[in-house]
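# Structure assessment
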Amino acid sequence: MYKYSGKTRPVRDTNDTDLRSRLRFCVETGQIWLHEHRMLLIHAEVQASLRRELIDTLGMDRARGLLTRMGYAAGMRDFELARTRAGSDGDVEAFIAGPQLHMLEGIAKVSTVSLEYDRSAGSFYGEFIWENSWESEWHKQYYGTYSEPVCWSQIGYACAYASSFMGRPILYKELECAGMGENHCRIVGKPLEEWEDASEYSRFFDKESIAEQLIDLQTQVVQLRSAISEKEKLPADIVGNSKAFRMAYDMLQQAAKSQITVLLLGETGSGKEVFARALHNRSTRRNESFIAINCAAIPHDLVESELFGVEKGAFTGALNARPGRFERANGGTLFLDEIGDLPLSAQAKLLRVLQEGEIERLGDHKVRKVDVRLVAATNVDLKQLVKEGKFRSDLYYRLNAFQINIPPLRERTEDIPLLANRSIEKYSAIHGKKLNGFTDKAMRAILAYPWPGNIRELLNMVERGVILAPNGTRIELEQMFSSSSIDPAMEFALDSNGSLGIDTQEPVKDLYEFVVKGNMTLDQVEATLIESAVKTANGNLSAAARALGVTRPQLAYRLKRLQENGVAHAGVALAAVPE
């Protein structure tokens, strides 16, 4: 009997290294081998496109069954490999090889929560965490957050592997799924008969005749197209399908039906003006003017003349009468961005406009009636400004009649691929290029980046990538991000024997660029390496020498020479250097 239950731990040990060592790339034959199993490197996007076509053609249920069976077949083949490698079909090493193979094949990162089994008694319980599941990521990209688990082929794989290992049917269920908006996927496996609803899931493992159900399928397609046509369409300049975004947009739609003053809250670059324009375009004022003004961009002594207008001779330089933004927006919508920067004198006049619908130009006593729908926006806490006496409380309560919180980009990550791809289309047209999207590594970085500048920063980075990417290619990681913006994960590359090893090409390239640009000399690089090794070894030159692959006398000589030349710090391990 084997039992592990405790703190979640990654599925990684010496077996993982053994599995990697069995991967071979044959240049002469163009074949990839994992032990004696031929493997394929397939673009995740291509696999996802096929998955999408199956869903759109067959419907969710039939596609789920087909993909589950494909995963089941893969799980059985991988168990054959693991059993051959371990030399036994009954130890834990053979079982753990399955999750390790899943990771090696790029399916997901697997961590063990609990694993208990007794082959002689037929008992089994397994609970695992999946992170970076390819199925959930691509399903969300194509269909948004789904109401049910979507890692169908991966569940099929887990069921097949555990069933082959135990010699009896084991059913896994996905209890949490990143495709449903969770942080990760969580699966639990037990013998088939221990699940009360096993029949609802086991049907996906049975083959069905698609030809016999074409009429039903055609009906479903018609219903699907009808549902799509009835679905609320977003404006061309608004992109999003996440729950947080949809909540904000639904509130905007409700506000558009009335004339209520709206306050948009959101970080810089989150799209407040785009929301304001969408609100105007969906309102009854859509055929009138939309006027926008950034209160932070106008000097305080000119804000009132910009908002309310000025009469000739009102002040030096006022050579002509000029209407303000309120008059220009009459009948339409006025958008006041960064309203927290509005001076107190202008706040008082703004309050009067909201209450009475009247304005007076500077230097004029004539009252003018205006009919304006006001939309304000800010990225600061107006309540705090009220407490500090920098913002009028009566104006705050008047503006805060209908508040819409626009989520930052980091809270709507599933919208990022949609926004990025829409941006490529936009900037490719502007710059006269034809690009095929992003590389997988670039998209991974896009999804992992926190986007402090929100959508504005994303648009700028995509435009940079469009400019730098050669025509007809995909935007690569370094064409969007600087090396300091991302933290690359360890990767494995081929050595001369066809085995996998740590990829050191990029760090070496970066160091080379650093030296040739005059940031460091070669002696300074050597000194930095030696000093770091000596410090890590707590002044032990023998240990530092072993870490650097040289003898102790060689290291002592190099360190002393560098210190004499004033390159190395004299305080580093001087006591350890022999005279």
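Residues numbered from 1 in each chain as written. Predicted model: local features only at pLDDT ≥ 70, side-chain atom pairs only at ≥ 80, totals over all residues. Heavy atoms only, no water.

## Quick word on the packing of helix α9 (residues 243-256) against helix α10 (residues 272-281)
The contact between α9 and α10 brings their axes to 9 Å, and the two run at 40°. Relative to α10, the element α9 lies oblique. Remark: the crossing between α9 and α10 carries right-handed chirality. Side by side, α9 and α10 meet where Phe-245, Ala-248, Tyr-249, Leu-252, Ala-255 and Ala-256 of the first sit next to Phe-275, Ala-278 and Leu-279 of the second. (Axes fitted to C-alpha atoms, helices over the stretch in contact; angles between N-to-C directions. Helix = DSSP H or I, 4+ residues; strand = E, 2+ residues; numbered from the N terminus. Parallel < 35°, antiparallel > 145°, perpendicular 65-115°, else oblique. Left-handed = near helix turned anticlockwise from the far one by under 90°. Contact = heavy atoms within 4.5 Å.)

## Topic: the pairing of strand β7 (residues 170-176)
In terms of burial, β7 is largely enclosed, as 5 of its 7 residues are buried. Pairing analysis gives 6 bridges linking β7 to strand β8 (residues 185-191), with the strands arranged antiparallel. Within β8, the position partnered with Glu-174 by the bridge is Ile-187. (Buried < 20%, exposed > 50% of the residue type's maximum accessible area, 1.4 Å probe, protein only. Pairing = 2+ DSSP bridges.)

## Here we look at the sheet that holds strand β2 (residues 23-26)
In a beta sheet, neighbouring strands pair by backbone hydrogen bonds and run either parallel or antiparallel. Strand order in the open sheet formed by 3 strands is β2-β3-β4, with antiparallel pairing between adjacent strands. The sheet terminates laterally at β2 and β4 (37-39), the two strands that pair on one side only. Within the sheet, the average angular offset between the axes of one strand and its neighbour, ignoring direction, is 35°. Of the pairings in the sheet, the one linking β2 to strand β3 (residues 31-34) comprises 4 bridges and is antiparallel in character. If you follow Arg-24 over to β3, its bridge partner there is Trp-33.

## A closer look at the packing of aromatic side chains
Under the definition given, this model contains 19 aromatic pairs. Aromatic side chains Phe-124 and Tyr-172 sit 6.3 Å apart centroid to centroid with 75° between the ring planes, which places their arrangement in the edge-to-face category. Of this pair, Phe-124 sits in strand β6 (residues 123-131) while Tyr-172 sits in strand β7, and the two are 48 residues apart along the sequence. When its relative accessible area of 4% is taken as the criterion, Phe-124 is described as buried. The buried category is assigned to Tyr-172, whose relative accessible area is 3%. Through pairs of rings, three or more aromatic residues link up here, namely Phe-79, Phe-95, Tyr-117, Phe-124, Phe-128, Tyr-157, Tyr-161, Phe-165 and Tyr-172. (Phe/Tyr/Trp six-rings, centres within 6.5 Å; stacked < 30°, edge-to-face > 60°.)

## Comments concerning the environment of Glu-93
Structurally, the position occupied by Glu-93 is in helix α4 (residues 92-104). Here Glu-93 falls in the partly exposed class, since its relative accessible area comes to 29%. Glu-93 sits 11 residues away from Ala-82 along the chain, and the two C-alpha atoms are 8.5 Å apart.

## Points about the pattern of salt bridges
Applying the stated rule across the entire model yields 28 salt bridges. Here Glu-327 and Arg-361 are joined by a salt bridge, their closest N and O atoms 2.8 Å apart. With Glu-327 in helix α12 (residues 325-328) and Arg-361 in the loop between β12 (358-359) and β13 (368-369), this residue pair connects regions lying 34 residues apart in the sequence. Residue classification places Glu-327 among the buried positions, given a relative accessible area of 19%. Overlapping salt bridges, with partners in common, bring together Glu-311, Glu-327, Arg-361 and Arg-368 in one network. (Salt bridge = Lys/Arg side-chain N within 4 Å of Asp/Glu carboxyl O.)

## Points about the sheet that holds strand β15 (residues 402-405)
On the basis of which strands lie adjacent, the open sheet formed by 5 strands has the order β10-β11-β14-β9-β15 and parallel pairing. Edge positions in the sheet fall to β10 (290-294) and β15, since each has one partner strand and no second. Sheet twist, expressed as the mean angle between neighbouring strand axes with direction ignored, is 20°.

## What about the nonpolar core?
Counting residues in hydrophobic clusters, the biggest one holds 42 residues, and the most contacted among them are Phe-95, Leu-115, Phe-124, Trp-130 and Tyr-172. The element contributing the most residues to this core is helix α6 (residues 152-166), with 8 residues. In terms of nonpolar packing, the next biggest core, distinct from the first, is built from 31 residues, Ile-291, Leu-342, Tyr-396 and Leu-399 among them. (Core = buried A, V, L, I, M, F, W, Y, C linked by side-chain atoms within 4.5 Å.)

## Focus: the confidence of the model for the protein
The predicted model of the protein has a mean per-residue pLDDT of 83, with 83% of residues at 70 or higher. Low pLDDT, under 50, characterises residues 573-579; the stretch is placed with 14 contacts to residues that sit more than four places away or in other chains. (pLDDT = per-residue confidence, 0-100.)

## Some words on the pairing of β3
Going residue by residue along β3, you find Ile-32 and Leu-34 tucked away on one face and Gln-31 and Trp-33 left uncovered on the opposite face. As consecutive antiparallel partners, β2 and β3 are separated by 4 residues, and within that stretch Gly-30 has a phi angle of approximately 70°, a positive value. Two elements, β3 and β4, share 3 bridges in a ladder whose sense is antiparallel. If you follow Leu-34 over to β4, its bridge partner there is His-37. Counting the residues that bridge the hairpin from β3 to β4 gives 2 residues, and of these His-35 lies at a positive phi of roughly 60°.

## Points about helix α11 (residues 300-308)
Residues of α11 that are buried include every one of Val-303, Glu-304, Ser-305, Leu-307 and Phe-308, and no others. Looking at the buried side of α11, the elements it contacts are β10, α12, β11 (333-337), α13 (344-356) and β12. Once α11 ends, the next one or two residues include Gly-309, with phi positive near 90°.

## Focus: unusual backbone geometry
Although it is not a glycine, Asn-132 adopts a positive phi angle of roughly 60°. On the secondary structure map, Asn-132 appears in the loop between β6 and α5 (134-143). Of note, Asn-454 is a non-glycine position whose phi angle comes to about 55°, a positive value. Inspection of the secondary structure assignment puts Asn-454 in helix α18 (residues 454-468).

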